[in-house]
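The residues making up each chain are set out below.
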Amino acid sequence: MKRQTIAVSVGCPSGIGPEVAVHAAANADAEARCVLVGDTETLRRAAHDGKIAASRLRVVASAQEIEALALGEIGVWGPSTQLAAPAQPGAPDRKAGAAQLAWVNEALALVQDGTAAALVTGPVSKLAIATSGAPGAKGFSGHTEHLAARLGAREVVMAFRAANITTALVTTHLPLAEVPAAVTPDAVATSCYWLVRLLRSLGMEAPRVAVAALNPHAGEGGMLGIEEETSIKPGIERANERLAADGFFAQLSGPLGAETAFRKQAAGAFDGVVAMYHDQATIPCKLVGFGEAVNVTLGLPVIRTSVDHGTGYDIAGTGKADPRGMESALALALTLAKVRGRASLIAGAS
Ligand SMILES: NC(=O)C1=CN([C@@H]2O[C@H](COP(=O)(O)OP(=O)(O)OC[C@H]3O[C@@H](n4cnc5c(N)ncnc54)[C@H](O)[C@@H]3O)[C@@H](O)[C@H]2O)C=CC1
Ligand SMILES: NCC(=O)COP(=O)(O)O
């Protein structure tokens, strides 16, 4: 059995990330060799609280030591940035903010140098990072944007995969008031294109994709908004041209009222939905699969998946955190990493 190393940045040390990361790594498929990138003491405590034998955590400091991890052992990356004092559950300070960004970068470095095959990220607080004062942290608005900038990716698309919903977003982390201007034909085309590639990587040869409208009732013939005509329809045309040029076949339908697009996908009429903004996508995903949905970034030169949930500050350290989201994120990363053809379908140039 060929094992794949998965580097996991554990997220905010004051949140539920360390506990779900240890749990998920302990239950991961034997083909996944997990290396957790975070504070060693926090991870040991999370293992203890989660009744996971301390002997299963092994501190590793080189690619060779990672390779030598036995089945059932969970690697903890020794060179990770460490906290001088334990993080307070539910109350991240500036050091916790800086550390969680450092861990993302350190886990990414393991993928970039070929030590790991994929990056899985635990939940971070955008605010704790952005206000930490750490170099490069100001303006942090999410992993998607951060990884795109750090890797020089030409285009990236945020996507989610839940029970019976797979969706890609046209816009990511921006105020709702700025969404209409960001829904451009190019942005719509990019999201359609990468969603089709994701669906292909998951085995769908000719995916059926609904493109959601921005406005109620798809603009009601222009009475309730014009973006369907000015941006979404031209975006679908551009996507069809780009897909055809690259030899991909897909059926793109829309613009379709978002409520209908998601309802029909959940009923099996579509394989994916292109959503115009963050909550248009995450509300249906979290309704059908909260705790299990996976966030995957399309267009990066590396495989990156993540939990769909946040830092869960209200339940950090209580043992109530559900680890299934992290388990699903590890499983999808492994699925993509195992087959080079799958990974290349969602990988973009930098
Ligand atoms: N993947 C990431 O890095 C993400 C980070 N965030 C960040 O998380 C922070 C908090 O965001 P919120 O909107 O409050 O969302 P949240 O997901 O942290 O919490 C919402 C509610 O869901 C519960 N919850 C979350 N994960 C859970 C789990 N695994 N098991 C059981 N219950 C769980 C929480 O206890 C809370 O009641 C923000 O700073 C946000 O930016 C949010 C989403 C994703
Ligand atoms: N709701 C998803 C989210 O906010 C996480 O985004 P990112 O950190 O994966 O870019």
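The sections below set out a description of the structure shown in this document. Because the structure is predicted, anything quoted here is derived from the model rather than measured.

Looking now at unusual backbone geometry. With an omega dihedral of -5°, the bond running from Gly254 to Pro255 counts as a cis peptide bond. Note on placement: Pro255 falls in strand β9 (residues 251–256). For Glu220, which is not a glycine, the phi torsion comes out positive at approximately 50°. Mapping Glu220 onto the fold places it in the loop between β8 (208–212) and α9 (227–245).

This part covers the side chain of Arg197. Inspection of the secondary structure puts Arg197 in helix α8 (residues 185–201). Of the side chains with opposite charge, Asp246 lies nearest to the buried Arg197, which makes no salt bridge, at 4.5 Å. If sequence neighbours within four positions are ignored, Arg197 has contacts with Phe248, Ser344, Leu345, Ile346 and Ala347.

Attention shifts here to the site of ligand 1. Residues in contact with ligand 1 amount to 20 residues; listed here are only the nearest, Lys126, Gly310, Gly312, Asp314 and Asp322. Between Gly310 and ligand 1, the recorded distance is 2.7 Å, taken from a backbone N or O atom to an oxygen atom. Contact distances for ligand 1 include 2.7 Å between an oxygen atom and a side-chain N or O atom of Asp314. In the complex, 66% of the free accessible area of ligand 1, which totals 820 Å², lies under the protein chains. The class makeup of the residues in the shell around ligand 1 is seven nonpolar, eight polar and five charged.

Applying the stated rule across the entire model yields zero disulfides. Free cysteine: Cys285, not disulfide-bonded; nearest cysteine sulfur from Cys192 at 16 Å. Looking at Cys285, the relative accessible area reads 1%, which means it is buried.

Where β8 meets β9, four bridges bridge the pair, whose relative direction is parallel. Bridge pairing in β9 links Ala210 to Ser253. Of the crossover connections in this fold, the one passing from β8 over α9 to the parallel β9 is right-handed.

Scoring rules and cut-offs
- Residues numbered from 1 in each chain as written.
- Chains lettered and ligands numbered in written order.
- Predicted model: local features only at pLDDT ≥ 70, side-chain atom pairs only at ≥ 80, totals over all residues.
- Heavy atoms only, no water.
- Helix = DSSP H or I, 4+ residues; strand = E, 2+ residues; numbered from the N terminus.
- Buried < 20%, exposed > 50% of the residue type's maximum accessible area, 1.4 Å probe, protein only.
- Lys, Arg positive; Asp, Glu negative; His and termini not counted.
- Salt bridge = Lys/Arg side-chain N within 4 Å of Asp/Glu carboxyl O.
- Contact = heavy atoms within 4.5 Å.
- Near = heavy atom within 4 Å.
- Polar contact = N/O pair within 3.5 Å; in protein donor to acceptor, adjacent residues only side chain to side chain.
- Areas by Shrake-Rupley, 256 points an atom, 1.4 Å probe, with all protein chains shown as cover.
- Nonpolar A, V, L, I, M, F, W, Y, C, P; charged D, E, K, R; others polar.
- Disulfide = S-S within 2.5 Å.
- Pairing = 2+ DSSP bridges.
- Right-handed = clockwise from strand over helix to strand, strands pointing away.

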